[in-house]
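Listed here are the chains, written in short residue letters.
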Amino acid sequence: DGVIEPVLEAFLERQIQRAVASGANLIIFEIDSPGGLLIQSENLAFAISDLDPKQVRTVAFVPKQALSGAAIIALGCDEIYMCDCARIGDAAPIEMKPGQQFEHAPQKILGPLLVTVKTLAEKKGRPVALAQAMVDKSLKVFQVTHRETGRVWFMSEAEIHASDGEWVKGA
């Protein structure tokens, strides 16, 4: 709950370790946050995603919002559940400029973050394009259908092209 910062990161990492040490097989993270610091958010996402889902299942429950770094943390969980009115995403990195003005962070930060969310999405079986679109609002995501199985998924133009006709582009 609230802003993700170093004290919250350390507390949650201790709680995760305690839960695992006590034999918990399910950890539910109720996330209601506007986000926070990037490094701490990534650290928590990987601390959660690195848990063996056969031993400890992780669930993100979002009653209101999981924005920015909180969305990244949710991506680290095995499952994500949201209330109908909840919001998730808008994980584009920003930085504070002199005069308390927010600006989008430079490419040197955006690039590694795109890799982070791609890694989390692949690890948890989620569409990479949707995760990356949370970070890069210019990325267009298309609903696609697998040519043989009919499975519906979501991909970027580059992913569709790389599939060599395996997926049919939709809306």
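Sequence order as written defines residue numbering, which begins from 1 separately in each chain. Only residues with pLDDT of 70 or above have their local features reported here, since the model is predicted, and side-chain atom pairs are shown and tallied only from 80 upward, although totals for entire chains, interfaces and linings are computed over all residues. In computing side-chain properties, one takes all heavy atoms of the structure into account and sets aside hydrogens as well as water.

Visitor: With reference to specific residues and values, describe the pattern of salt bridges.
Guide: Throughout this description, the term salt bridge denotes a Lys or Arg side-chain nitrogen within 4 Å of a carboxyl oxygen of Asp or Glu. Scanning the model with the defined rule gives six salt bridges in all. With its nearest N and O atoms 3.8 Å apart, the salt bridge here joins Asp-78 to Arg-57. Taken together, the residues Asp-78 in the loop between α3 (69–75) and β4 (79–82) and Arg-57 in strand β2 (residues 57–62) connect sequence positions 21 residues apart. With a 1.4 Å probe rolled over the protein chains alone, any residue whose accessible area is under 20% of its type maximum counts as buried; one over 50% counts as exposed, and the rest are partly exposed. Assessed through its relative accessible area of 12%, Asp-78 is described here as buried. Residue class for Arg-57 comes out partly exposed when judged on its relative accessible area of 32%. The salt bridge partner of Glu-157 is Lys-169, with a shortest N-O separation of 2.7 Å. Here the residue Glu-157 occupies a position in helix α6 (residues 157–162), and Lys-169 occupies one in strand β10 (residues 167–169), the gap between them amounting to twelve residues. Linked by salt bridges that have partners in common, Arg-57, Asp-78, Glu-79 and Lys-124 make up one network. For the purposes of this entry, the term helix denotes a DSSP run of H or I that reaches at least four residues, the term strand denotes a run of E that reaches at least two, and both are numbered from the N terminus.

Visitor: Talk me through the nonpolar core; I want residue IDs and the actual numbers.
Guide: Ile-4, Ile-27, Phe-29, Ile-31, Ile-48 and Ile-73 are the most contacted members of the largest nonpolar core, which has 19 residues in total. Within the residue set of this core, elements represented by two or more residues are α1 (6–21), β1 (26–30), α2 (38–49), β2 and α3. Nonpolar cores are built from buried Ala, Val, Leu, Ile, Met, Phe, Trp, Tyr and Cys residues. Side-chain atoms within 4.5 Å join them into one set.

Visitor: Before we move on, can you summarise α1 with the specific residues and values?
Guide: Turn by turn, an α-helix covers 3.6 residues, leaving residues three or four places apart pointing in a common direction. The span expected for a helix works out to 1.5 Å for each residue beyond the first. Taking 1.5 Å of rise per residue, 16 residues should cover 22 Å, and α1 covers 22 Å from first to last C-alpha, within 8% of that figure. Looking only at α1, the buried set comprises Leu-8, Glu-9, Ile-16 and Ala-19. Take α1 and look down its axis: the buried residues cluster within an arc of 100 degrees, on one side only. The outward face of α1, more than 90 degrees from its buried face, is lined by the exposed residues Val-7, Gln-17, Arg-18 and Ala-21. Starting at the helix axis, one direction is taken to each C-beta atom, and the arc is that of these directions.

Visitor: Outline a nonpolar patch on the surface, listing residues and values.
Guide: Residues form patches when they are more than 30% accessible in relative terms and have no salt bridge. Like charges link within 9 Å. Nonpolar side chains (Val, Leu, Ile, Met, Phe, Trp, Tyr) link within 5 Å. Shrake-Rupley sampling with a 1.4 Å probe provides the accessible areas, and residues are treated as covered by the protein chains on show and by no other component. Where nonpolar side chains cluster on the molecular surface, the patch consists of Leu-130, Val-152 and Phe-154 and spans about 220 Å² of accessible area. Looking at the element boundaries, Leu-130 is found in helix α5 (residues 128–135). The partly exposed category is assigned to Leu-130, whose relative accessible area is 37%.

Visitor: Account for α2, with residues named and values stated.
Guide: Across its twelve residues, α2 extends 16 Å between first and last C-alpha, which sits within 8% of the 16 Å expected from 1.5 Å per residue. Taken together, the buried positions of α2 are Gln-40, Ser-41, Glu-42, Leu-44, Ala-45, Ile-48 and Ser-49.

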